[in-house]
Amino acid sequence: MMMNVAFCLHHQPKGCIPSENIVKKVVKVTPPGPRKKLQLAVTEPGLTNGLFSPDYILDNYLKTLTQRAKYHLGFPDNICYDHHAALAPLLQFHLNNCGDPFMESPVDFHSKDFEVAVLDWFAKLWEIEKDDYWGYVTHGGTEGNLHGILVGRELLPSGILYASKDSHYSVFKAARLYRINMEMINTSINGEMDCSDLRAKLLHNKDKPAIININIGTTFKGAVDDIDVILQTLQDCGYSHDKFYIHCDAALSGLIVPFIKNVISFKKPIGSVTISGHKFLGCPIPCGVQITRKSHIVYLSRKVEYIASMDATISGSRNGLTPILLWYNLSSKGQIGLQQDVKRCLNNARYLKDLLQQAKISVMLNELSNIVVLERPHDHQFTRHWQLSCVRNIAHVIVMPRITRDILDDFFIDLVQQRKIWYQDGSIKPPCVADDIGAQNCACAIHNGQYLFV
């Protein structure tokens, strides 16, 4: 268990960069350590004593999760979900949304009416008419990407899949599963697709249709690919609308970007959009939403007599609880509540970036992103304690609605104190991250901490 040194910080007025005298007082605390792997087995009823009963094990597991929730900074899920008491009675029923959500089910134990309400909400957000779209609630962003790319492959069987190297790994999984030829596109330092590289590869493969994965918030840097520039690039390279298909992976930022900038719209020639429901919105069960054009789905949909329905989904049987959870959360928050969440998260992300910048710690923050990218902490125990995700020389903090400034203060002060220990004798130096986030964002000894944020 590591010792944390927590400080009370003077919260600065909005827009101010914290000064060097931000520290007010020091209080030593001992936070709970990372969750340890449980040594579990399935035992017969009556063969365990009270200390190893299922109820005792679950009670302790719940306490551990509750304690560790504050330290969950590096992964994109909103675990601040307060509706469990109201929705818990649903667990007594088996709800299966098998088949097409728009077709009447022959059984009563489903939630397709809730599912369609959720789909209608997203269709309106992404500007496609009710009669023009088709979609379903998936098991997560990966299934949404698999479905969107499959629609593209069915429409353009000889198409080549284009995706940036910063795309989610499920996009590359789809290429392998569907045996699609693929071109990996370079990215700029902030993670956006390099459209000059895209142009070169489109021209090289001009005799083949293009299936393009566009990222609305990359996994690690939160970069948003420029849809309009990509569409212009396709046009410049001679690709007519019937020669390309665009899928938008908006797993995290699909509920952030629409409240800042009108990026995602089916008024543009895009084919599908997917989001993860358990990320920014929040849901205790992994889930997602996939929306495509109704005219496209005829290429996938098949009649299944056994379930008395058409089916164009990936999974067939689908969790009937998640549409209700999404519907309840959307109804509770509304667009105004979501907009407030977005504003608070982006402000808090900028707040953390300013703290790190003032402390001469390498950091980058994209304009439309709640992901703060920073130098990778030297100690694995530190990254494990704060549950950070790391790639090469960088780590990131994803500022979700549950992350308060008090939590960010604790993280920042702990990082500053630990860096003094790691680098105090000069034998180890902070990593150079110029290749990861740009020399202008690198505070290593070589680059002198000269900051210019993208």
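Starting from 1, residues in each chain are numbered consecutively following that chain's sequence as written. Totals for whole chains, interfaces and linings use every residue, but because this is a predicted model, local features are given only for residues with pLDDT of at least 70 and side-chain atom pairs only at 80 or more, for both listing and counting. To obtain the side-chain values, all non-hydrogen atoms of the structure were included, while hydrogens and water were left out.

S.K.: I'm lost on the packing of helix 3 (residues 112-125) against helix 10 (residues 321-358) in this one. Help?
M.R.: In helix packing, the relevant descriptors are the interaxial angle and the interaxial distance, both defined with respect to the helix axes. Note on geometry: axes are C-alpha line fits, over the in-contact stretch for helices, and angles between N-to-C directions span 0 to 180 degrees. Helix and strand assignments come from DSSP, with helices taken as H or I runs of at least 4 residues and strands as E runs of at least 2, each series counted from the N terminus. Two elements in contact, helix 3 and helix 10, have axes separated by 8 Å at closest approach and are oriented at 35°. The chirality of how helix 3 crosses helix 10 is left-handed. Two secondary-structure elements touch here, helix 3 through Phe114, Glu115, Ala117, Val118, Trp121, Phe122 and Leu125 and helix 10 through Pro323, Ile324, Leu326, Trp327, Leu330, Gln335 and Leu338. Residues are grouped as follows: Ala, Val, Leu, Ile, Met, Phe, Trp, Tyr, Cys and Pro are nonpolar; Asp, Glu, Lys and Arg are charged; all remaining types, including Gly, are polar. Within the contact of helix 3 with helix 10, the residues separate by chemical class into twelve nonpolar, one polar and one charged. Helix crossings fall into two classes, left-handed where the near helix is turned counterclockwise from the far one by less than a right angle and right-handed where it is turned clockwise. In this analysis, two residues are considered to be in contact whenever any of their non-hydrogen atoms come within 4.5 Å of each other.

S.K.: Would you explain helix 10 in this entry?
M.R.: Because an α-helix completes one turn every 3.6 residues, residues spaced three or four positions apart along the sequence face the same direction. In this scheme, a helix's expected span is set at 1.5 Å multiplied by one less than its residue total. With 38 residues, helix 10 ought to run about 56 Å at 1.5 Å a step, yet its terminal C-alpha atoms sit only 46 Å apart, falling short of that. The sharpest bend along helix 10 measures roughly 80° and falls at Gly334. Bend, in this description, refers to the angle at a residue between axes fitted to the seven residues ending there and the seven starting there.

S.K.: How should a nonpolar patch on the surface be read in this particular structure?
M.R.: Nonpolar side chains (Val, Leu, Ile, Met, Phe, Trp, Tyr) within 5 Å and like charges within 9 Å form the patches, drawn only from residues with over 30% relative accessible area and no salt bridge. Areas reported as accessible are Shrake-Rupley estimates using a 1.4 Å probe. Residue values count occlusion only from the protein chains shown. When a carboxyl oxygen of Asp or Glu is within 4 Å of a side-chain nitrogen of Lys or Arg, the pair counts as a salt bridge. A contiguous nonpolar patch, built from Leu38, Leu40, Leu58, Tyr61 and Leu65 and spanning about 470 Å² of accessible area, is present on the exposed surface. On the secondary structure map, Tyr61 appears in helix 1 (residues 54-68). Think of it in three bands: with a 1.4 Å probe and only protein chains considered, a residue is buried below 20% of the maximum accessible area for its type, exposed above 50%, and partly exposed in between. A relative accessible area of 32% means that Tyr61 is categorised as partly exposed.

S.K.: Honestly, the pairing of strand 7 (residues 244-249) in this entry has me stumped. Any pointers?
M.R.: Where a strand is regular, its side chains alternate between the two sheet faces. For strand 7, the buried fraction is high: six of the six residues fall into the buried class. Residues Phe244, Ile246 and Cys248 line one face of strand 7 and the alternating positions Tyr245, His247 and Asp249 line the opposite face, and both faces are buried. Should DSSP find at least two bridges between two strands, the strands are regarded as paired. With six bridges joining them, strand 6 (residues 210-215) and strand 7 adopt parallel strand pairing. Pairing of Ile214 across the sheet is with Cys248, part of strand 7. Handedness of a crossover: with both strands directed away from the viewer, a clockwise path from the first strand across the helix to the second marks it as right-handed. Remark: the strand 6/helix 7 (residues 227-236)/strand 7 crossover connection has right-handed handedness. Pairing of strand 7 with strand 8 (residues 272-276), which is carried by three bridges, proceeds in the parallel orientation. What sits directly across from Cys248, in strand 8, is Val273.

S.K.: Whenever I open this one, the sheet that holds strand 15 (residues 394-398) confuses me. Can you help?
M.R.: Strands belonging to one sheet form pairs held by backbone hydrogen bonds; the direction of such a pair is parallel or antiparallel. Strand order in the open sheet made by the four strands is 12-13-15-14, with antiparallel pairing throughout. Edge strands, defined here as strands with exactly one partner in the open sheet, are strand 12 (363-365) and strand 14 (389-391). Taken over all neighbouring pairs, the strand axes of this sheet differ in orientation by 25° on average, direction set aside. The pairing of strand 14 with strand 15 spans three bridges and is antiparallel. Its bridge partner being in strand 15, Val391 is matched across the sheet by Ile394. Where helix 10 meets the sheet, its contacts fall on strand 12, strand 13 (371-375) and strand 15, and the angle it forms with strand 12 comes to roughly 155°. The strands touched by helix 12 (residues 405-423) are strand 13 and strand 15; relative to strand 13, the strand with the most contacts, the crossing angle is about 10°.

S.K.: I would appreciate a short explanation of the sheet that holds strand 6 in the present structure.
M.R.: As summarised here, the arrangement of the seven strands in space is 3-9-8-7-6-4-5, forming an open sheet in which the pairing is mixed. In this open sheet, the two edge strands, each paired with only one partner strand, are strand 3 (133-138) and strand 5 (182-185). Averaged over neighbouring strand pairs, the angle between their axes works out to 15° when direction is ignored. Two elements, strand 4 (residues 160-164) and strand 5, share four bridges in a ladder whose sense is parallel. Across the sheet, residue Ala163 finds its bridge partner in strand 5, namely Met184.

S.K.: Looking at this model, I keep getting lost on the packing of helix 4 (residues 141-155) against helix 5 (residues 169-178). Mind explaining?
M.R.: Contact geometry of helix 4 with helix 5 gives a least axis separation of 9 Å together with a crossing angle of 45°. It follows from the interaxial angle that helix 4 and helix 5 lie oblique. Here helix 4 and helix 5 pass one another in a crossing that is right-handed. Contacts between helix 4 and helix 5 pair Thr142, Asn145, Leu146, His147, Ile149, Leu150 and Arg153 from the former with Ser170, Val171, Lys173, Ala174, Leu177 and Tyr178 from the latter. Each angle gets one of four labels, with under 35 degrees taken as roughly parallel, over 145 as roughly antiparallel, 65 to 115 as roughly perpendicular, and the rest as oblique.

S.K.: Help me out: how do you make sense of the nonpolar core in this one?
M.R.: Side chains of nonpolar character tend, in soluble globular proteins, to be buried together. As used in this record, nonpolar core signifies buried Ala, Val, Leu, Ile, Met, Phe, Trp, Tyr and Cys residues forming a set joined through side-chain atoms within 4.5 Å. Grouped together as the largest cluster of nonpolar side chains are 101 residues, with contacts concentrated most on Phe122, Ile216, Leu234 and Phe411. When residues of this core are assigned to their parent elements, the largest contribution, 14 residues, is made by helix 10. Ignoring anything within four residues of it in the chain, the contact list for Phe411 reads Leu73, Leu352, Leu374, Phe382, Trp386, Leu388 and Val397. Within the second largest apolar cluster, 19 residues are counted, among which are Trp134, Leu161, Tyr178 and Tyr245.

S.K.: What should I look at first to understand unusual backbone geometry in this one?
M.R.: If a residue is not glycine, its phi is most likely negative; likewise, a peptide bond is most likely trans. Backbone geometry at Glu127 places phi at a positive 60°, although glycine is not the residue there. Mapped onto the elements of the fold, Glu127 is located in the loop between helix 3 and strand 3. You can call Glu127 partly exposed: its relative accessible area is 28%. With a phi close to 60°, Lys360 is a non-glycine residue in the positive phi region. Within the fold, Lys360 resides in the loop between helix 10 and strand 12. Given a relative accessible area of 48%, Lys360 falls into the partly exposed group.

Take it as geometry only, folks, not as evidence of what the structure does.
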